[in-house]
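# Structural overview
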Amino acid sequence: MPRKFFVGGNWKMNGDKKSIDGICDFLKKGPLDKNVEIVVGVPSVYLEYAKSKVPAGVLCAAQNCYKEPKGAFTGEISPEMLKDIGIEWVILGHSERRNVFGETDELIAEKCKHALDTGLKVILCCGEKLEEREAGKTEEVVVRQLTACAKKIKDWTHVVVAYEPVWAIGTGKTATPAQAQEVHAQIRNWMKEKINPGVADNTRILYGGSVTADNCRDLAKQPDVDGSLVGGASLKPDFVKIVNAAK
Ligand code: PEP
């Protein structure tokens, strides 16, 4: 079976009810390619509001969750709470969680395990910093991040991987299609060798990092690029063009 094209939006810590209404208006207007799986990452306080407003065919994801079901973890939300309000997806391991909030590979792996065990689907982000790329360590870093999770993930059916080079996130500096393809192929090859060929064939690998309406089509043409994870541009009507990039 071919891998279904997947486009995620990551609203990060942006927006209010009024701007969410605006985003939902352009999503409703679309038209959105029906063959694309579309999931938008919403600040947790607005999840129920956004869920009630997005058009059919667009799902909402949390941008984070904790590794425990409940307890003395002030400020955190659990996968169980997300399930309780009807949320199906969560973004984990985003570079801002790793680099601004100091989340380790091990913590992200534990979060992945608990989210999947609870029945959530996970967009699992990985990616290298500029100095790591310049030191020739891109593959090593991405494999290290994914290996930590692979030790805890038994079933990859509900995992989508997002390769997001840190130097490309929010910088306007997109990886070239060839750079994205190279790392996506390395990830797929790692899956084939270290997990199994079925997981390598079936798991969607998204590219994220300054994806725009102008560069989305060339990225989408790469054989191992199965969609994108979009930050800034997911707040604008251009997001519709990015959703439709594979058409
Ligand atoms: C992101 O937040 O995951 C992201 C890729 O951001 P941007 O598209 O703004 O670079």
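See the structure shown above.
What counts and what doesn't
Residues numbered from 1 in each chain as written. Predicted model: local features only at pLDDT ≥ 70, side-chain atom pairs only at ≥ 80, totals over all residues. Heavy atoms only, no water. Axes fitted to C-alpha atoms, helices over the stretch in contact; angles between N-to-C directions. Helix = DSSP H or I, 4+ residues; strand = E, 2+ residues; numbered from the N terminus. Parallel < 35°, antiparallel > 145°, perpendicular 65-115°, else oblique. Left-handed = near helix turned anticlockwise from the far one by under 90°. Contact = heavy atoms within 4.5 Å. Nonpolar A, V, L, I, M, F, W, Y, C, P; charged D, E, K, R; others polar. Near = heavy atom within 4 Å. Polar contact = N/O pair within 3.5 Å; in protein donor to acceptor, adjacent residues only side chain to side chain. Pairing = 2+ DSSP bridges. Buried < 20%, exposed > 50% of the residue type's maximum accessible area, 1.4 Å probe, protein only. Core = buried A, V, L, I, M, F, W, Y, C linked by side-chain atoms within 4.5 Å. Phe/Tyr/Trp six-rings, centres within 6.5 Å; stacked < 30°, edge-to-face > 60°. Lys NZ or Arg CZ within 6 Å of the ring centre and 35° of its normal.

## Thoughts on the packing of helix H7 (residues 138-150) against helix H8 (residues 177-194)
- Packing of H7 against H8 brings their axes to within 10 Å, and their N-to-C directions diverge by 40°. By the angle between their axes, H7 is oblique relative to H8. As for how H7 packs across H8, the hand of that crossing is right-handed. Of the residues in H8, those in contact with Thr138, Glu139, Val142, Val143, Leu146, Thr147 and Ala150 of H7 are Val183, Gln186, Ile187 and Trp190.
- Split by residue class, the contact of H7 with H8 holds seven nonpolar, three polar and one charged.

## Some points on the site of the ligand
- Neighbouring the ligand are 14 residues; Lys12, Glu164, Gly170, Ser210 and Gly231 lie closest to it.
- Glycine 231 is positioned with one of its backbone polar atoms (N or O) 2.8 Å from an oxygen atom of the ligand.
- Here the residues of the shell around the ligand are counted per class, giving four nonpolar, eight polar and two charged.

## Looking at the sheet that holds strand S2 (residues 37-42)
- Within the closed barrel, the eight strands sit side by side as S1-S2-S3-S4-S5-S6-S7-S8. Their pairing is parallel. Averaged over all adjacent pairs, the angle separating strand axes in this sheet is 25°, with direction ignored.
- As defined by bridge partners, strand S6 (residues 159-163) adjoins strand S7 (residues 205-208) across three bridges and the pair is classed as parallel. Residue tyrosine 163 lies in a different strand from S7, and its bridge partner there is tyrosine 207.
- Along the sheet, helix H5 (residues 105-118) makes contact with strand S4 (89-92), strand S5 (121-126) and S6, crossing S5 at roughly 165°.
- Sheet contacts for H8: S5, S6 and S7; angle to S7, the most-contacted strand, approximately 150°.

## A word on the pairing of S6
- Most of S6 sits inside the fold, with five of its five residues counted as buried.
- Judged from the five bridges that link them, S5 and S6 form a sheet pairing that is parallel. Across the sheet, residue cysteine 126 finds its bridge partner in S6, namely tyrosine 163.

## Overview of the nonpolar core
- With 66 residues, the main nonpolar core has Val90, Ile187, Tyr207 and Phe239 as its most contacted residues.
- Filtering out sequence-adjacent residues up to four positions away, tyrosine 207 remains in contact with Tyr163, Pro165, Ala168, Thr174, Ala175, Ala180, His184, Leu219, Val225, Gly227, Ser228 and Leu229.
- If you look at the next biggest cluster of nonpolar residues, it comprises eleven residues, including Val39, Cys125, Val160 and Leu206.

## Observations regarding the environment of isoleucine 38
- The residue isoleucine 38 is located in strand S2 in this model.
- In sequence terms isoleucine 38 and glycine 8 are 30 residues apart; their C-alpha atoms lie 5.8 Å from each other.
- Setting aside residues no more than four positions away along its own chain, isoleucine 38 makes contact with Val7, Leu32, Gly57, Val58, Leu59, Phe239 and Val243.

## A few points about the side chain of aspartate 224
- Its place among the elements puts aspartate 224 in the loop between helix H10 (216-220) and strand S8 (227-230).
- Taking relative accessible area as the criterion, aspartate 224 reaches 13% and is therefore assigned buried.
- For aspartate 224, the side chain forms a polar contact with the side chain of glutamine 181, separated by 2.7 Å.
- Only 2.5 Å separates the side chain of aspartate 224 from the side chain of arginine 188, close enough to count as a polar contact.

## Topic: the packing of aromatic side chains
- In the structure shown here, the tally under the stated rule is four aromatic pairs.
- Each ring, one from tyrosine 66 and one from phenylalanine 73, has its centre 4.9 Å from the other, and the planes form 45°; the classification is tilted.
- Here tyrosine 66 falls in the buried class, since its relative accessible area comes to 16%.
- Of note, lysine 17 hangs over the ring of tyrosine 49, and the distance from its end group to the ring centre comes to 5.2 Å.
- The ring of phenylalanine 101 carries arginine 97 above its face, with NZ or CZ at 4.0 Å from the centroid.

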